[in-house]
Amino acid sequence: MRLPEPLKERLIQGIITGFLGALGYALSMLAADVTLPLIDHVWPAVTRRTLLWLCLTLLLVLGGFAWWVWWLHQKEEMAGIPKGFTQDLKSGMAVEDATGKFFCSRCLIQKRKSQLYGGLTTSRERNVETHAWHCKVKECGGSYLQMIEIQRVRRK
Ligand SMILES: [Zn+2]
């Protein structure tokens, strides 16, 4: 008797899942058998000072982990922007290190070098001037808003 292909796949998946479940159950029972006597005998021997150090170490490890995740995220954000450019994290546009000119980050990621045009003041509220920069590439259509704090010069 030949089984249809989808049924055969499902059957194999079911058998593997059942086997892994049984293995997990056996391991968890074994772990419970081992850890309970360990906790009963070792726990009373742990002093408050050791517990404090354990907590501090755990806090340090968690802090390190959080920093690592943040660092990976930052690295990923910068990925794709080629060397010689820095991404302005506030506006999102790329700044050429050598000239200080603004370029489209989206285009740079796609290996296109498109200098932004515009920079016209769109609004001026409180102490912030908002400039709008646009990408020349039609299919990109990227635009960036740059906020610049206005420095007021008082004249006598
Ligand atoms: Zn672009």
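Basis of the calculations
Residues numbered from 1 in each chain as written. Predicted model: local features only at pLDDT ≥ 70, side-chain atom pairs only at ≥ 80, totals over all residues. pLDDT = per-residue confidence, 0-100. Helix = DSSP H or I, 4+ residues; strand = E, 2+ residues; numbered from the N terminus. Domains from an automatic or database assignment. Pairing = 2+ DSSP bridges. Axes fitted to C-alpha atoms, helices over the stretch in contact; angles between N-to-C directions.

1. Looking at the confidence of the model for the protein
Piece 1. With 94% of its residues at a pLDDT of at least 70, the protein reaches an overall mean of 86.
Piece 2. Mean pLDDT values over the elements of the protein span from 78, in strand 4 (residues 117–125), up to 94, in strand 3 (residues 102–103).

2. Here we look at the domain arrangement of the protein
Piece 1. Looking at the protein, the domain boundaries give domain 1 (1–45), domain 2 (47–79) and domain 3 (85–149).
Piece 2. In this structure, domain 1 and domain 2 have C-alpha centres spaced 31 Å apart.

3. Details of the pairing of strand 5 (residues 128–134)
Both faces of the sheet carry side chains from a regular strand, because those side chains alternate between them.
Piece 1. In terms of strand pairing, strand 4 meets strand 5 through 7 bridges, oriented antiparallel. Its bridge partner being in strand 5, Leu120 is matched across the sheet by Ala132.
Piece 2. Following strand 4, the chain reverses through 2 residues before pairing antiparallel with strand 5; Arg126 in that reversal takes a positive phi of roughly 50°.
Piece 3. Examined bridge by bridge, strand 5 and strand 6 (residues 143–149) share 7 bridges and lie antiparallel to one another. Within strand 6, the residue paired with Thr130 across the bridge is Met147.

4. A few points about the sheet that holds strand 2 (residues 94–96)
Piece 1. With respect to topology, 3 strands assemble into an open sheet ordered 1-2-3, the strand pairing being antiparallel. Each having just a single partner strand, strand 1 (85–87) and strand 3 make up the two edges of the open sheet.

5. Regarding the sheet that holds strand 5
Piece 1. A sheet is described by the order of its strands in space; here 3 strands give the open sequence 4-5-6, paired in antiparallel fashion. Of all strands in the sheet, those bounded by a partner on one side alone are strand 4 and strand 6. Adjacent strand axes in the sheet meet at a mean angle of 25°, parallel and antiparallel pairs treated alike.

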